[in-house]
Structure formats: structure tokens, C-alpha cells
Protein chains: 4
Amino acid sequence: MNADNLKDQYLAVRRHSVKICEPLETEDYVPQPVPFVSPPKWHLAHSTWFFETFILNPFGKGYQVFSEDFSFLFNSYYNNVGERVLRTDRGNITRPTIVTVYAYRKYVDEHMITLLDTLNDPAALKLIELGLHHEQQHQELLLTDIKYILGHNPLFPVYSPDSNLVKDVNKETGSVQIAEGIYEVGFQGDGFCFDNELGRHKVYLNAFEISKALVTNAEYIEFMEAGGYQDFNLWLDEGWSWINENKITAPMYWHKINGAWHYYTLAGLQRIAPEAILSHVSFFEAAAFAQWKDMRLPTESEWEIASEQFHWGKRWEWTHSAYLPYPDFVKASGAVGEYNGKFMINTMVLRGSSVATPEGHSRKTYRNFFHTHERWQYTGIRLVK
Amino acid sequence: MNADNLKDQYLAVRRHSVKICEPLETEDYVPQPVPFVSPPKWHLAHSTWFFETFILNPFGKGYQVFSEDFSFLFNSYYNNVGERVLRTDRGNITRPTIVTVYAYRKYVDEHMITLLDTLNDPAALKLIELGLHHEQQHQELLLTDIKYILGHNPLFPVYSPDSNLVKDVNKETGSVQIAEGIYEVGFQGDGFCFDNELGRHKVYLNAFEISKALVTNAEYIEFMEAGGYQDFNLWLDEGWSWINENKITAPMYWHKINGAWHYYTLAGLQRIAPEAILSHVSFFEAAAFAQWKDMRLPTESEWEIASEQFHWGKRWEWTHSAYLPYPDFVKASGAVGEYNGKFMINTMVLRGSSVATPEGHSRKTYRNFFHTHERWQYTGIRLVK
Amino acid sequence: MNADNLKDQYLAVRRHSVKICEPLETEDYVPQPVPFVSPPKWHLAHSTWFFETFILNPFGKGYQVFSEDFSFLFNSYYNNVGERVLRTDRGNITRPTIVTVYAYRKYVDEHMITLLDTLNDPAALKLIELGLHHEQQHQELLLTDIKYILGHNPLFPVYSPDSNLVKDVNKETGSVQIAEGIYEVGFQGDGFCFDNELGRHKVYLNAFEISKALVTNAEYIEFMEAGGYQDFNLWLDEGWSWINENKITAPMYWHKINGAWHYYTLAGLQRIAPEAILSHVSFFEAAAFAQWKDMRLPTESEWEIASEQFHWGKRWEWTHSAYLPYPDFVKASGAVGEYNGKFMINTMVLRGSSVATPEGHSRKTYRNFFHTHERWQYTGIRLVK
Amino acid sequence: MNADNLKDQYLAVRRHSVKICEPLETEDYVPQPVPFVSPPKWHLAHSTWFFETFILNPFGKGYQVFSEDFSFLFNSYYNNVGERVLRTDRGNITRPTIVTVYAYRKYVDEHMITLLDTLNDPAALKLIELGLHHEQQHQELLLTDIKYILGHNPLFPVYSPDSNLVKDVNKETGSVQIAEGIYEVGFQGDGFCFDNELGRHKVYLNAFEISKALVTNAEYIEFMEAGGYQDFNLWLDEGWSWINENKITAPMYWHKINGAWHYYTLAGLQRIAPEAILSHVSFFEAAAFAQWKDMRLPTESEWEIASEQFHWGKRWEWTHSAYLPYPDFVKASGAVGEYNGKFMINTMVLRGSSVATPEGHSRKTYRNFFHTHERWQYTGIRLVK
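Residues numbered from 1 in each chain as written. Chains lettered and ligands numbered in written order. Predicted model: local features only at pLDDT ≥ 70, side-chain atom pairs only at ≥ 80, totals over all residues. Heavy atoms only, no water.

## Details of the relation of the copies chain A and chain D
Our working definition: The fit set for superposing copies consists of C-alpha atoms from residues with pLDDT of at least 70 in both; the fit itself is least squares.
Relative to chain D, chain A is turned by 180° and slid 0.0 Å along the rotation axis, the superposed coordinates differing by an RMSD of 0.0 Å. Taken together, the turn and the small shift mark the pair as related by a two-fold rotation axis.

## What to know about the interface of chain B and chain C
Frequently, the measure chosen for interface size is the accessible area that the parts lose on association. Put simply, the test is: A contact between two residues is defined here by any heavy atoms of the two lying within 4.5 Å. As a working definition, buried area equals the accessible area (1.4 Å probe) given up by two parts on being put together, with both sides summed. The salt bridge definition used is simple: a Lys or Arg side-chain nitrogen within 4 Å of an Asp or Glu carboxyl oxygen. Here a polar contact means two N or O atoms within 3.5 Å. Within protein one must be a hydrogen donor candidate and the other an acceptor candidate, and residues neighboring in sequence count only if both atoms are side-chain atoms. Numbered from the N terminus, helices here are DSSP runs of H or I no shorter than four residues, and strands are runs of E no shorter than two. Basically, the charged four are Asp, Glu, Lys and Arg, the nonpolar ten are Ala, Val, Leu, Ile, Met, Phe, Trp, Tyr, Cys and Pro, and anything else, Gly included, counts as polar.
In this assembly, 35 residues from chain B lie in contact with 35 residues from chain C. Buried area between chain B and chain C, both sides added, is near 3,000 Å², and the carbon and sulfur share of it is 53%. Per-residue buried area on chain B facing chain C is highest for Tyr204, Ile345 and Asn346 of chain B; these three make up 19% of the total on that side. Counting across the chain B and chain C interface gives four salt bridges. As a salt-bridge pair, lysine 202 of chain C and glutamate 180 of chain B come within 3.9 Å of each other at their nearest N and O atoms. Our enumeration of links across chain B and chain C arrives at ten residue pairs in polar contact (both at pLDDT 80 or more). Element by element, the count of residues in the side of chain B that touches chain C is highest for strand 3 (residues 201-205) of chain B, at four residues. Classifying every residue of the side of chain B that touches chain C gives 16 nonpolar, twelve polar and seven charged.

## A word on the nonpolar core
Inclusion rule: Among the buried residues, those of types Ala, Val, Leu, Ile, Met, Phe, Trp, Tyr and Cys that are joined through side-chain atoms within 4.5 Å form a nonpolar core. When a residue's accessible area, from a 1.4 Å probe over protein chains only, is under 20% of the maximum for its type it is buried; when over 50% it is exposed; and in between it is partly exposed.
One finds Ile128 and Ile381 of chain B together with Ile381 of chain C to be the most contacted residues of the largest nonpolar core, which totals 197 residues. Ignoring anything within four residues of it in the chain, the contact list for isoleucine 381 of chain B reads Leu214, Val215, Tyr220, Leu278, Val281, Ala286, Phe289 and Leu297 of chain B. In this structure, Leu116 of chain A together with Leu132, Ile272 and Leu278 of chain D belong to the second largest nonpolar core, which totals 196 residues.

## Let's talk about helix 7 (residues 237-245) of chain C
Residue and element names in this part refer to chain C. Rules: The arc under discussion is defined with respect to the helix axis, by the directions toward the C-beta atoms.
Within helix 7, burial applies to Gly239, Trp240, Trp242 and Ile243. Here the buried residues of helix 7 occupy an arc of 160° about the axis, which is enough to place them on one side. Buried positions along helix 7 lie against helix 8 (283-292). Once helix 7 ends, the next one or two residues include lysine 247, with phi positive near 50°.

## Brief notes about the side chain of aspartate 145 of chain D
You can see aspartate 145 of chain D is positioned in helix 5 (residues 122-151). Not counting residues up to four positions away in its chain, the partners in contact with aspartate 145 of chain D are Phe36, Val37, Ser38, His43 and Trp376 of chain D.

## Describing the domain arrangement of chain A
Residues and elements named next belong to chain A. How we decide: Throughout the structure description, domain borders are defined by an automatic or database domain assignment.
By the assigned domains, chain A splits into domain 1 (3-151) and domain 2 (175-380). Centre-to-centre, using C-alpha coordinates, domain 1 lies 27 Å away from domain 2. Contact with domain 1, which involves 27 residues of that partner, is made by 29 residues of domain 2. At the junction of domain 1 with domain 2, the criterion picks out zero salt bridges. Here domain 1 and domain 2 share nine residue pairs in polar contact (both at pLDDT 80 or more) between them. Where the side of domain 1 that touches domain 2 is concerned, the elements lending two or more residues are helix 2 (40-59) and helix 5 (122-151). The element best represented in the side of domain 1 that touches domain 2 is helix 5, accounting for 17 residues. Here the residues of the side of domain 1 that touches domain 2 sort into 13 nonpolar, ten polar and four charged.

## Some remarks on the relation of the copies chain B and chain C
Its rotation angle being 180°, the transformation that places chain B on chain C also includes 0.0 Å of axial translation and leaves an RMSD of 0.0 Å. A shared interface surface links the copies, since 100% of the contact residues of chain B are contact residues in chain C too.

## Some points on the sheet that holds strand 8 (residues 316-322) of chain B
Each strand in a sheet pairs with another by means of backbone hydrogen bonds, the pair being arranged parallel or else antiparallel. Residue and element names in this part refer to chain B. Defined as follows: The criterion for strand pairing is that DSSP finds at least two bridges linking the strands in question.
On the basis of which strands lie adjacent, the open sheet formed by four strands has the order 10-9-8-11 and mixed pairing. Strands with a single pairing partner mark the edges of an open sheet, and in this sheet they are strand 10 (368-370) and strand 11 (379-380). Looking at chain direction, strand 9 (residues 348-352) and strand 10 are connected through three bridges and run antiparallel. By the bridge assignment for strand 10, leucine 350 is matched with asparagine 368.

## Examining the environment of glutamine 139 of chain A
Residues and elements named next belong to chain A. With respect to the helices and strands, the residue glutamine 139 is situated in helix 5. For the pair glutamine 139 and arginine 14, spaced 125 residues apart in sequence, the C-alpha separation works out to 9.7 Å. Apart from residues no more than four positions distant in its own chain, glutamine 139 is found in contact with Val13, His16, Ser17, Ile20 and Pro358.

## A look at the interface of chain A and chain D
Between chain A and chain D, the contact holds 35 residues from the first and 36 residues from the second. When chain A packs against chain D, the two sides together hide about 3,000 Å² of surface, and 53% of this comes from carbon and sulfur. Among the residues chain A hides against chain D, the three largest losses belong to Tyr204, Ile345 and Asn346 of chain A. Together they make up 19% of the total. Connecting chain A to chain D are four salt bridges. In this structure, lysine 342 of chain A and aspartate 237 of chain D form a salt bridge, with 4.0 Å as the shortest nitrogen-oxygen distance.

## What about helix 2 (residues 40-59) of chain D?
All names here are of chain D. This is how it is decided: Given a helix with a known number of residues, its expected span is that number minus one, times 1.5 Å. To get the bend at a residue, fit one axis to the 7 residues ending there and another to the 7 starting there, then take the angle between the axes.
The first and last C-alpha atoms of helix 2 sit 28 Å apart over 20 residues, in line with the 28 Å expected at 1.5 Å per residue. Its axis deflected by about 35° at glutamate 52, helix 2 carries its strongest bend there. Where burial is concerned, most of helix 2 is hidden: 17 out of the 20 residues are buried.

## Some thoughts on the packing of helix 6 (residues 217-225) of chain B against helix 8 (residues 283-292) of chain B
Residue and element names in this part refer to chain B. Quick note on the threshold: Simply put, an axis is a line fit to the C-alpha atoms, just over the touching stretch for a helix, and the angle between two N-to-C directions goes from 0 to 180 degrees. Angle categories: roughly parallel below 35 degrees, roughly antiparallel above 145, roughly perpendicular from 65 to 115, and oblique for all the rest.
It is at 11 Å that the axes of helix 6 and helix 8 come closest, and there the two elements cross at 80°. Taken together, the axes of helix 6 and helix 8 are roughly perpendicular relative to one another. Counting all contacts with helix 6, which are made through Glu219, Tyr220, Glu222 and Phe223, the residues of helix 8 involved are Glu285, Ala288, Phe289 and Trp292. In the contact of helix 6 with helix 8, the residues fall into five nonpolar, no polar and three charged.

Next up, the structure:
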């Protein structure tokens, strides 16, 4: 990778964040309805802060920060770079306004572009690449957080009338057979990957058979109508507590209106499309559904090995693997080392990518992870026998 | 009161709400940082909703509501008029935007003005008067809620550079002596009052002596420096728990910076003015301070009787009276009956009014009330021997 | 009062605490199911600790404490006498065993009896008298806490088969009329009273009419069957939240079994006796019931003035007065000053006494107080017009 | 296995539970200080309930249950066999008394012994074997729960003066080398194992080196003194929150007294023995310590393969493996199927056994599991390079 390509990429990625926010009203940028959803304003500022903190401050000669306060306001979880606003308080910070945040983006972009003309320090270039992938991760969250904010408004506002981010259908049927044996998993090659994908290593897999198609709404409704949410035998113990304490009886965004299932989509409230691929289920729901089908979820290694033989990319797919370090995982030193390693506990791995994932940000070795009850991402289910 | 005067009053009151919000950015209208603080947008809409629901719907012939959804969104606590958005969720409702809310205000105002041209139903006129006083109450909250939102932003944004809403000083010294005997308290006369002031009645007061001056910052700092927040003998048991659980060591908005006390004011962060009247203390703090002075807070009857002999109107003054119904209190029927009666428990009465109170909205019989730990209003302390 | 009489009283009171516990199994002495209920073992030890700490330590020459640890373990809320076990942790302290606690009582009693032979310091005698009334207060709590512990056991164990602590019926009907005028309330005379009753003072009362009979179970069932728990117009706002959050639909200890109302009594689970006096309602329920009847609860002054003209003593009767200091209330200095003053907030006054009150521990000026949701005492309702 | 051997085993296992409780006072049987600790009384009754419910009821001809209520009271988490007392409420159930619980044990034992004389149904015999292993699991919990109850009493009561359950020292030094390759893990053979150990399967392991010795108190103190609890770089993100929210600065039961570290042991409060093996650390602490040492915890497969080459059995050893089903895991149908499968989420695997494990209850394929913050078991640390 050279700085020239990087400049094009930089501009493309940065533009895409702004594009995602185009349909928003100023008010939509502000709230944080639950701790795991961040205000759109914060995403725009935080991804900018990354470049200011890790690139412009150390490498931009004589660079003056846009505002001293922003280091404090838009840090997310990097304990190594000073104090930060409590994650649960982001929705109460009305200033800087979104106008100022866009000015911040412009200021940093201009300095980045200038810097990219001359920069050839490989470590810096690598950090910029990381910053772009970091911003792409936030683009995915930006879209799902916007959906959460609008989808929990009693008026169900439309984000974009022609958005069909949920309507995908399966293009394949049948299943893939994988034979028993030793396989290799983990990233290899020259391109970019996150530290948690590194350390390609051997695993031993038993023979298995994995569906080419993801579970559809119609199949899930069958489970619901068969009393799936009422039969504790199907559920993990913590899952059973979770659905009961939170009165969960359907995927997120689903509403039964006059006897018919509807869901909130970015195009507004709509009748459920039965043939569309199911989305917005938690690991608990995915595991209960698999149990009801007398099947199971794949492990992440199984998924990675089989993934070349089916289409993926519409839903983040729950695996039955806990998110843990690969055998040779090494934590980078300093703030960048906080990127992934410290989250490797009490979450499950998702593989693939989703309709919310920006182009060029997915690969078969990518390891996403969420807590077992989280479901505001475009999560789905693929089954294994 | 006739409809003509009422029209002028209506326009003046409605204009004042808008004026309070002039310095705000769009983002400032959105958040609800704690359940007792409402988004400015909500105040503007809710006070409008009152006129639509209680005046235009029943009395405006052929009136079409601005939006069916708004009845649901901007109801506050009136159980009699249908479901409502949970009080704690108001900060997540980004739509309708503030632009739409101002359109809603305009729409309702136009219909109200037209209606006032012909309206002469005394019950309706009385309800409009109530609606105006209701909006004035919300103006006070609007300003204190804005202060809370801006004052909890780490950037301490300025609301208005020439705002001196906290800097008042006492104009009098010395005290007022009141003799033992029977006195009458409660509203009398032709003007407006809330239902909780009605039922003028006799009370028996012992002799007492009440300060003409309110407690100042300097006096309160003396209490703090004498270890007032560390001496449990001065505190009510629940107050002692409150300061310890919440690590309270100073009034709200106070910050010790480089050894000097500062406070957030609507004009920004400033050095404490020692001679200014203390504000933003809870009942717990007021009672502990009085205990430390070996004095006490007045009862609400004492305050009402003595109030003609001192200046008041800068701080809401904590009394040592619980907020309970007067002997002849009668709850109105229907939704308007929910106005005051149902809150008469577990709060303490405040008397007077504050720098945030709109003109014409104060009188000596006015009974305000807050929980014993609340202090985001301009609350102050007056002592009795 | 002289020391001789006091010795007899001392022995009688101390014996009565033990008698209350006679039906208990060792296990019953241990738990603290909710923070406001203390383990019986703790009551027995704490009331003993009072005599050791406030009498034997200062006045018993050469007195050796039974155990250094007990000062720490059995202090209740006296911040002035050192650290104490968190109120919520009492149920986890299995040692000292109840056998040791009885040994502690014996040890302290022997030293007290010896001391009383010679003691004539009036301050000391007064403190002993306070200690005995303190123990009587704990006897009342002991019985109601035992009821709570046994009454929340799914087996509904019997405390005493011939216990009829709930079955009292009204002996009178009709009402008492009190004329408007100045009255005096507060303790007077030579006997014992708590500091919160002192400061006899004048109050002005309007004319009122108060029922001679307390509300019965039958009357309350009528309220329940009329939908009383479902009609928010009857409830204080905090009361409405309380019944909904806690799914309250009947008084404490009531269970609907096969369509018939039962309640747990100290004699076990029984069919509701319709003619018996209602018990175990919160202030919220008392106030809602009064509202439904279009009547109200008396103030504590009204109750005190009228009380000579009706029978009382079976139920603690909720008044509509907040628990606040009398005009001339003076807090004693030191630990004894923590007895009452610091609790004078956010509670309501109860007057009278109950079937659980030990003999000789009631008088018309006695001021009890509980939070508005508490109802594990034998609380009842008397109405005023 | 035949019924004769089983009778001896039955008697031995049942006797051991009683023996563990011999040093207890009646009061010690009652409390449940935290949800994960059960009252000793409950353990004794629940393990008995297992035999009554799963053996005597279905196989004991004409068997009359000891008490209908006990099915409800002493069920733990088996949703398939009816309602149950909320897990968090067990400490408030004072009746049945411990005397009755021992009578219950005797009654069930007598019927079991009689039944074992004639029983030859292999399914029944297998269930009895399961019941005995179930009771042994509870024996381990019984001891650690007793330690929790006594160890959180401010008096630090002694369970047994000659108990040295914490003082073990390492018998070996150095490390074991394991070569890269395919290995088999999971139970094989004729003996008993739990369902979660079944499905022997191949795994691919990279080469690794594992310590023969467990981490000692001295080594852990070194970590503490080097600021281990203050350096967020060493901690998983949830671990960092956990130590900060709970103010954790040392292993459970450790107290710094006059500058010297002590710990509560079943023999009372003692000075820390530096050479003794560390115990009572959470997974979070184990992982942070490993990070500080620049080493890591073993996976459960690594542990199982290497375990034949070192001594184990004193501490439950944290692995870095999440507790998940083995590839061929099959959930049994009915209540027994609830035994393990439904807990396979959000916990980490521990391998080995501890000083609290009853004889004959450990094997190298045994999979124990706890949440990442739990540490009231005798947990320890073994490191891998």
C-alpha cells in the first residue's frame, strides 16, 4: 500500500460516514437511548478523533488540535489516552453541535490530506489504514444505532424510503459437507486485518454439514408459533431469564399490529416479509431456535472453512464459539493494544458481515463479537447438523 | 377577567417561552439527562398540548388536531387523557423536530387567538388562565432544565453572557418579629391561584423571629469549612445517606478548581461571589445548615405571615413543612384534578419564587414543592429563631 | 420514680422480650428477609446492648463488657457510638448463637439488678427508663418481624395456635364531633414520654367528625371489589407507582386461595374474618381508601384531641400528618439525641398503638412513624369527614 | 456396578455430607448471604430431594413422600419438576428446621437402603450413581458456602481448628513440554462421568510448556505490590470494571491488618503463608496475573493432555476456555437433561479439583465452570508459555 492509494481510500471512507448521516435531522444526532448505542454525532467525532490522536498529533508537524476539549469528549475506551466521558453519558452532551463536529471533520481531513502528500513512515501508514477500518466499523454501528434511535421512536420515522436493508432473500438452498480433518484458520495474505484474526493455526474439525441458506422470517415465525419462547427446555438458563425479565417474545423491532407481524425497517414500519432473511435475534434466540430444530450453530472454525462454498454477507451470523484469543494472539503495546484483546471475554463470535457493513470491510476471517443478549445488529442464523 | 385581556396575556406568555429558548442550539432541545429534567423541546410542546387538549378540542368548533400522535407524545402525567411516553424516555424522542414543534405552537396559537375572539364560556376562560399559569410553571422549569443540561456539559457552555441569574445580593439585614396568635393563611381575593392554595384557614403560631436576609455563599462556605458535610449530628438520617451515597460535598454546580470554589452559572463558569445569595441546595442541606446555626427553617404558615415584612422573590425558600392538602382541599374532577393533589406526599414546601420565575407568576400564598434531595431549582435558605 | 419500682419494671420488661420468643425455633432467630425487618436475635441483643452501653459502661463501677465485639455487632443506628454492622447485613451474622445472646442478656441483667440496688443518680435512672421504653418498642417490632419471617415462609408456620392478634372487632359505632377552636397537643404530666412528644403547644382545629370504629376487612374488600386498586384517580402519584411496580392488589399477608380471601395470622393461614378490623395496609392504601369513601384521614392533632372519646389501641392508625418536629422540639446532645430527631422526614405519623404493643407502652400523645409504603406493622384506618 | 457396591457408596457419600456439617451451630445452617451461596440446610435437603424425586417416587413401590411441601422447597433449578423457591430467597426459609431436615435425610436413606436390596433396573442404578455424584458436588459447595458464611462474619468464627484446607504447598517445580499434534480429549472408560465430559474427540494443539507448580501467595503478593490491581493494561475490560466497582484489591478473604496480610481460613483468621498455593481468585484476576507474567492460562484441552505429568487436586484451576458443549454433546431428555447443558454460556472452564472436593469425585476430564468474577471456590492459577 502506498500513500496515494491511501489518500483515495481515506477520502472515500470519510465521505461514506457523512453520506450515512445525510437523511438525519439535527436532533437525531444527539441521543444515546441505551448504553450500547452511541449518538451519531459521537461516531462522527470519535472516528475523527482517532486520526487526530494517533496520526496528526504524533506525525503532523506543528499540528494544532482543533479543540483541547475534544480529546476528552470523543475518546471511547482507550484508557491509555486520558480520562473520558462515561460511556453512558454521551447522549447528554449537546455541545459541540453537529455543525462544529462537521467542522472538526473538515479540519482534520484537510490536515490528513496534506500530511498524506509527504508521509511515508510505514508505521504511520499502517495506523492510517487501521483508522480507516476503525471508521468502517463505526459506519456499521452508525447505521444500526440510527436504526435503534428511529426504531424506538413511537412515530417510526423513515430513514430512507428506498432502503431495503432488511429484505434480502436467500439465493441458495441445500448444504455444504465438510470432511473430518485438520484445517487452518486465521488471516493470511498481504491485506489488512485486525489483530484478533492473526496467528493462522491448525484446528481439528469433525465432519459437519452446514446450510447454504440463512434462516428466514417464515421459519422463525414457525418457531414462535410452536411456543418456542415459552418452552424453557429450548433455552440456555441465562437466556430463559433474559426473555422473561425483558418480556421478549419476538426479534427486535417486531410488533404485532391487529394480529399481523410488522417490523420497523429503515424504510419505516412494514409487514413482515416471510421469505426475507431473519434479522435482529440475540445469541440466546439463535441457540434456542437451533435447539428446536435439533440442529446447532457452527463454530467459528467450521464457518470459516465452509464459507467459501456458500454466499454470505447479509447478516452477521452467530457462531457457537466464545470470543477468545487465538493461540498466538499478541496484544500490541500502548493504546492500539486496547483495540481488541481486552474485550475477549463473555461474548460470542459472529462471522460474515451484514447489509450494514461498508464495502470492502468484510473477509472470511473477520471476527465480530457481541454479548449473548445483544441484537441491534443485523444478526442472523445459519444451522449445522 | 375578560377574553380581551386574556388574549394579550396569552400572547405575552406564549412569546416568553420562545424567548427563553432563543440562545439554544437545536441539539440543546433534545436530552433528558435525569428523569426530573425534561427536554426543552418537550416543555414547548407539552405546554401547547395543554391548550389543544383542554381548550381547542372541547371548545374549538371543528378543530382538527395538529397531529394525532402528539396527544400521546406530549402528555405529561395526566392518566385521565390516555397513555403517555414514559417520563424517563423523553430524551430519546428526536422527532418531531424542534422546527415541527414550533410549527405546532404556531398552529395552536392561531387557533387559540381566533377562538378567543368569540369565546365567552367562563369555564373555558378559566381553563385558559390555568393553561397560562401552567405554561409559566414550565418556563421556570425550562430555564432550570436548560441550566442543568448546559451545566453538566464538560465544556460549560454559556447560555447568555449577561445572565446574572445567580448573583443577587440581599437588600436587607435584621429580622422580623411575629407575635404568638391565630393567623389566617391560604389564598384570598379575585386573582388566579392554584387549587392547592385554596381554603383560607386559621392556624395558631407561636412567637418567632425570621431573618430578612437569605443565607449567602460566604455563610455556606463557612459551614462547609467547619466540616458541615462530615458531621452526621447535623443531618437527617436520610440526608446523611444521600450525601454519602452521592458523594455530595457542596451545592449543585459548585466545582473546586485549583483550590478556589467556582460555580456554573448561565453566564458560564465563574468564581463564587461570596456576597451573593446561596442557591441550589437540597432540603437536606438547608436543614443541616440550620441545625449547624442552631436555628431552623420556617414553616410555610410562618413564612406566609411574615413575608410582607421582608423582600423575597430571588430564591425558592425551603420551609420545614411537608406538602400536604389544606384542611378544605378539594380535588377537581377529571384530568385537571390531577394537577396538584396527587403529588401531596413525601415532598417539602418551598415558598416565594426565584430569579427563574416569570413575571406575574408569584404570590405569597404560592406553594411549590420538591423532594428533599432535589436542588436543580434556584433554592435558598432563610432562617428562623 | 425510684430505683425499687424501676427494678420491678426492668425485670418485667426484660422477661417479656424473652416470652415473645418462646415459640421460636433457633432458625427463626436468624434471617433478615428485608432491610426493615431485623432478626429476632438482633432485637434481643440490641436492646441489651443499650443497657450495657448507656448504663453499665458509664455507671457500673468496674463493669467488664460481656464481649468487645458486641458493641460493634449490636449497635443499630447510633453513629455517635462507633462503627456498626450494615443494617442490611444483619441476617448473615450466624454467630454469636442465640444461646450466647441469652447468656449476654443474663449477664447484663445480673449487673443491672446489682447496680439498681445502689443507683440513685437521676440521670442514670432516667436513662434506664428510656432503655425500658426502647426495649418495649423493640418488643413490638420483634412480634411484627417474627410475623414477617413466618408469614413469608411458603409453609405458613404457626407462631401460636391461640394467637388472635388480628381478629379484634370494633366495640363502637357512630362518630365523635369536635368543634372548631384552639386546642393543646403534646405530652404533659410526670410520666415517661419520648422527646418527640414534648413541647405541648396550641393548634387551631376546624370542626370535624371522626368515626369511632376502625375500617373492617369487609369494608376494605368492598373497595377492592369496586376496582380500588385499578383506579388511578384514587391514588397519590407515588402510591400508584408503588402498587404497580410491586403488583400490590391487597393488604400484606392476604392470599386469594380457590377464590376466597385468606390471610396469614400468627395462628396460621386463615379465612378472612369480614367483621375483624383491617390491618397491614400502607399509608398509600389508607389514603386511597379514604378518597374512595370521599372522606379523609385525621391529622395527628385531630386524632389526639378526639381520642378520649373513642376506643383505640388495636391498630396503629395512619394520620395525614407528616412526621416533623413540634415547634419547641430540642434534640438531646450525644447519642441519645439520635433517638428520634434524625428520622423526622419523609414519613407519616401513626397514632394509637396496636395489638402488638406491650402493656403500658401506649398513650395518646405517642407519635409513631413509618414510610408511606410500609405495612408490616398492625396498621389500620380511621376516617374523618 | 452392582446394587451392593452402590449401597456402600450410598451410605458413605450420605454420611460425608453430615460429617461436613458437624462443626456447625444451628444458626449457621440458615443464611444465604449472596445468591450464589446456598444455606447448608438447603444443600442437605436438596441432595436428599434428588433421591426422593428421581428414585423413590418413580421406583419405590408405594413410596409416600416425607412432605409434599419439600418438592417445592428443595428443588433447585429443574424447571421440569414444578415451581421452586426463588434462588435468592432460600436464606429466609427458617422452617423446616435443621432437625426436620435431618429427619428427612434419615427417612429417605431408610427407603433407599430398602430399595437397593431389590433394585436391579439399570436405569435406576445409573440415576442413583448420578445422585451420589450430585451430592458430592454439593459437598464441595457445602464446604465453600460454609466458609463464605463464617468468613463474612466480623467475628471470623473457626470451623475446625485443625483444618488446613488452604495451606498446601507445591510438591514440584519446573514444567511439562507438550509437542504439537492431534490429541484426544473427553471421557473414556467404564466409570462415571457427567454428560458434559462425553464425546471423546480430537483436538489440534500447538506445542506448549506448562508449569508443574501452581502460583503461590508470595508470587501473587508480588503482583499486588507491583501495582497489578491499578494497571488497566493487564485487565480484561469487564475485569477492570469489576475490580473498580467492587473495590477489589486482593483475593477473597484477604485482610490487611496492621500492615500485614491475613486471610480467613476454616481454622480462623491467620497470617498469609507465602509459600502456600494461592486460592480464591477470579478468572479476571487469574488472567491479569498471567498477563503481568507475560504468560497465559492453559486451554482445557491443553490442561487435560498435560495433566498426567504434574500433580493436581488442590485448587480448581482456571483455564482460558469458555464452557461450551463438546462437538457431540447430547442433552438428555427430561429433568436430568437440565443438569449441565443449559449452563454452557458466559462461564469459563476450571479443571482439576480442590481441597474441598470429596474423595473419588475427581478425574482429569471433569469440567467445572464459574462466572468470570466468582472466586469463593478454592480456585488457583497454573501458567503456560
